[in-house]
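One-letter residues, chain by chain:
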Amino acid sequence: MLEAVIVDDEIKALQSLSWELTNLSDEVDIVASFTDAGEALNYLEQNTPDCLFLDIEMPAMDGFQFIKNLKNKDFPVVITTAYNQYALQALKNEAIDYLLKPIDTDDLEETIAKIKRYNAKNLTVGRLEKILLNFNAESQSKKITINTDGKLVFLNSDDILFAESDGNYSTIFLSDGQKILLTKKLKEVNALLPESSFFRIHNSYIINLNKIKEFLKTDGYVVLESNHKIPVSRQKKSDFLDML
């Protein structure tokens, strides 16, 4: 059963689409409908339907503004409008489909089929991701979960040598020579790593304390087992020595 929400400021248009969806298939359930965009946003903050049918031409907030204000976007959006010039803009705003009023039954059937395919694909990916995250959280030997390039990477903390900052990006260096680029600041990476074995030794570096081979006091560097030389900032030097 597809749970659908409809947002349209015109009550007749809303009722018409509700009737079409209900009579088209017994697999569609209209769980909520709104003529007020603000009320709809509040509802969608707390609820996640299987799809949203959204009108473009609304007085206080048009459909594209509505999409931008959506905090919860875990469902497909179908744009409905009487004006066909919005088709390209609808697709650019990540709408799954576009229906022109008055809505044709065949077009609506195709849209429902698209929604089902979209939800089936994303449900499978979402379930698998949840299973993997839960498994890792419950594991006695927890791994660090990194989200990068559209995939989850699970790393043993012992395999990490150090992490280096590059502005809004960070790179994790592994013992086997691999590098993993992340769209995260070093502060965010630091929050993922166990405090017992990792230390932010410099504004640009976090090191694995278990991988230190030497500490060059005069030069202010640590040398890792991989022979990487990492600078120790003056501000961090005292705390670093305490950790050792």
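Residues numbered from 1 in each chain as written. Predicted model: local features only at pLDDT ≥ 70, side-chain atom pairs only at ≥ 80, totals over all residues. Heavy atoms only, no water.

Enquirer: Please set out the side chain of Asp 97 residue by residue, giving values where relevant.
Expert: Inspection of the secondary structure assignment puts Asp 97 in strand β5 (residues 97-100). On the basis of relative accessibility, which here comes to 13%, the residue Asp 97 falls in the buried class. Non-local contacts of Asp 97, meaning those with residues more than four positions away in its chain, are made with Val 77, Val 78, Ile 79, Thr 111 and Lys 114. (Helix = DSSP H or I, 4+ residues; strand = E, 2+ residues; numbered from the N terminus. Buried < 20%, exposed > 50% of the residue type's maximum accessible area, 1.4 Å probe, protein only. Contact = heavy atoms within 4.5 Å.)

Enquirer: Before we move on, can you summarise the nonpolar core with the specific residues and values?
Expert: Judged by nonpolar contacts, the single largest core of 22 residues is most densely connected at Val 7, Leu 52, Leu 54, Phe 66 and Ile 79. For this core, the elements supplying multiple residues, two or more each, are β1 (2-7), β2 (28-34), α2 (37-46), β3 (51-55), α3 (63-69) and β4 (77-81). When residues in this core are grouped by element, the largest group, 4 residues, is from α2. Ile 6, Val 28, Val 78 and Leu 108 belong to the second-largest nonpolar core, a separate cluster that totals 16 residues. (Core = buried A, V, L, I, M, F, W, Y, C linked by side-chain atoms within 4.5 Å.)

Enquirer: Break down the layout of surface pockets for me, with residues and values.
Expert: Over the atoms a probe the size of a water molecule is rolled, and this reveals where empty space is left. The volume enclosed by the second largest pocket comes to roughly 160 Å³. Only β1 and α1 (11-24) provide two or more residues apiece to the lining of the second largest pocket. Looking at the lining of the second largest pocket, the element that brings in the most residues is α1, giving 5 residues. When grouped by side-chain class, the residues that make up the lining of the second largest pocket number 7 nonpolar, 2 polar and 3 charged. (1 Å grid on protein atoms, 1.4 Å probe; cavity = no way out; pocket = protein on both sides within 12 Å on 5 of 7 lines; lining within 4 Å. Points joined across faces, edges and corners; volume = space filled by probe spheres on them. Nonpolar A, V, L, I, M, F, W, Y, C, P; charged D, E, K, R; others polar.)

Enquirer: Outline a negative patch on the surface, listing residues and values.
Expert: Judged by side-chain charge, Asp 104, Asp 106, Asp 107, Glu 109 and Glu 110 come together as a negatively charged surface patch. Examined against the element boundaries, Glu 109 turns out to sit in helix α5 (residues 105-138). Looking at Glu 109, the relative accessible area reads 42%, which means it is partly exposed. (Patch = residues over 30% accessible without salt bridge, like charges linked within 9 Å, V, L, I, M, F, W, Y side chains within 5 Å. Areas by Shrake-Rupley, 256 points an atom, 1.4 Å probe, with all protein chains shown as cover. Salt bridge = Lys/Arg side-chain N within 4 Å of Asp/Glu carboxyl O. Lys, Arg positive; Asp, Glu negative; His and termini not counted. Charge placed at Lys NZ, Arg CZ, Asp CG, Glu CD.)

Enquirer: Account for α2, with residues named and values stated.
Expert: Side chains that are three or four residues apart share a direction in an α-helix, a result of its 3.6 residues per turn. If you check which residues of α2 are buried, you get Ala 37, Ala 40, Leu 41 and Leu 44. Along the axis of α2, the buried residues cluster in a sector spanning 100 degrees; they form a single face. Seen from the open side of α2, the exposed residues pointing more than 90 degrees away from its buried face are Asn 42 and Gln 46. For α2, the secondary structure elements touched by its buried residues are β1, β2, β3 and α3. For α2, the capping residue at the N-terminal end is Asp 36, with a side-chain oxygen 3.0 Å from the backbone nitrogen of Gly 38. (Arc of directions from axis to C-beta. Polar contact = N/O pair within 3.5 Å; in protein donor to acceptor, adjacent residues only side chain to side chain.)

Enquirer: Which residues make up the environment of Phe 64, and what are the values?
Expert: Summarising the element assignment, Phe 64 is placed in helix α3. Classification of Phe 64 by relative accessible area gives buried; the value is 6%.

Enquirer: Tell me about the pairing of strand β7 (residues 151-155), residues and numbers included.
Expert: Pairing analysis gives 5 bridges linking strand β6 (residues 144-148) to β7, with the strands arranged antiparallel. In the strand pairing of β7, Ile 146 is matched with Val 153. In this structure, the hairpin formed by β6 and β7 is closed by a connection of 2 residues, where Asp 149 is found at a positive phi of approximately 55 degrees. (Pairing = 2+ DSSP bridges.)

Enquirer: Now, about the UniProt feature "modified residue: 4-aspartylphosphate" (unreviewed entry) in the protein: what can you tell me, with residues and values included?
Expert: Mapped onto this numbering, the UniProt entry gives "modified residue: 4-aspartylphosphate" (unreviewed entry) at Asp 55. Among the secondary structure elements, Asp 55 is positioned in strand β3. For Asp 55, a relative accessible area of 4% gives the class buried. (UniProt positions renumbered as here; feature names shortened; annotations may be inferred.)

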